[in-house]
Amino acid sequence: MEKKLFINLGRCIACRACEVACEKEHGISFITVYEFRDIAVPLNCRHCEKAPCIEVCPTKAIYRDEDGAVVIDESKCIGCYMCSAVCPYAIPIVDPIKELAVKCDLCAERRKEGRDPLCAAVCPTDAIIYADLNELMEEKRRRKAERIVEAQRKAVETLAYFG
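Residues numbered from 1 in each chain as written. Predicted model: local features only at pLDDT ≥ 70, side-chain atom pairs only at ≥ 80, totals over all residues. Heavy atoms only, no water.

Turning our attention to the side chain of D132. Within the secondary structure layout, D132 lies in strand β8 (residues 128–132). Although D132 lies buried, it forms no salt bridge, and the closest oppositely charged side chain, K3, sits 8.4 Å away as judged by the N-O distance. At 2.7 Å, the side chain of D132 forms a polar contact with the backbone nitrogen of N134. A polar side-chain atom of D132 sits 3.1 Å from the main-chain amide nitrogen of E135. (Helix = DSSP H or I, 4+ residues; strand = E, 2+ residues; numbered from the N terminus. Buried < 20%, exposed > 50% of the residue type's maximum accessible area, 1.4 Å probe, protein only. Lys, Arg positive; Asp, Glu negative; His and termini not counted. Salt bridge = Lys/Arg side-chain N within 4 Å of Asp/Glu carboxyl O. Polar contact = N/O pair within 3.5 Å; in protein donor to acceptor, adjacent residues only side chain to side chain.)

When the pLDDT values of the protein chain are averaged, the result is 95; 99% of them are 70 or greater. No element of the protein chain has a lower mean pLDDT than strand β6 (residues 93–94), at 92, and none a higher one than helix α5 (residues 118–122), at 98. (pLDDT = per-residue confidence, 0-100.)

Once that is clear, we can look at the domain arrangement of the protein chain. Along its sequence, the protein chain is carved into domain 1 (1–45 + 106–131), domain 2 (47–103) and domain 3 (133–162). Placing the centre of domain 2 and that of domain 3 at their C-alpha centroids yields a distance of 44 Å. (Domains from an automatic or database assignment.)

The subject of this paragraph is the nonpolar core. Formed by 23 residues in total, the largest nonpolar core has its most connected members in L5, C18, V33, L106 and I128. Secondary structure elements with two or more residues in this core: α1 (17–26), α5 and β8. Here this core gathers at least three residues from each of two domains, domain 1 (1–45 + 106–131) and domain 2 (47–103). Other than its neighbours up to four places away in sequence, L106 contacts L5, H47, A69, R111, P117 and Y130. (Core = buried A, V, L, I, M, F, W, Y, C linked by side-chain atoms within 4.5 Å. Contact = heavy atoms within 4.5 Å.)

The following block contains the structure:
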């Protein structure tokens, strides 16, 4: 199974390390952290399974790469911004210099080197992780099982104390 970017909103502390790292890596940040009264929402391309940007692109400049990331071939982009219009998150933006649509490519160069996208790599709270969904769920089940075992141990200790 391919890896995907997952965001746990409950863990985001709005430190903006992802934004800074993305801008340093790409010259423009493809992730924005929106802060609300009691929650922060890092918003970036979700690389949708049924990506409307791929379907609407008249020049087929947007495609899914071998890892499943939705990417833009700048040499084919004509700057019509239909991708921006249909994106449910309004993610593709205009590169002011190239006057073409640009968006997150999950750090394609880093992935070629076997490294995670930079936003996930720098997140200090693991609010952003790059993982295989099955592996992620297995880890969640393992942690849940550990908590059950710990609760069971405490219950036995409590019974022994009063016993």
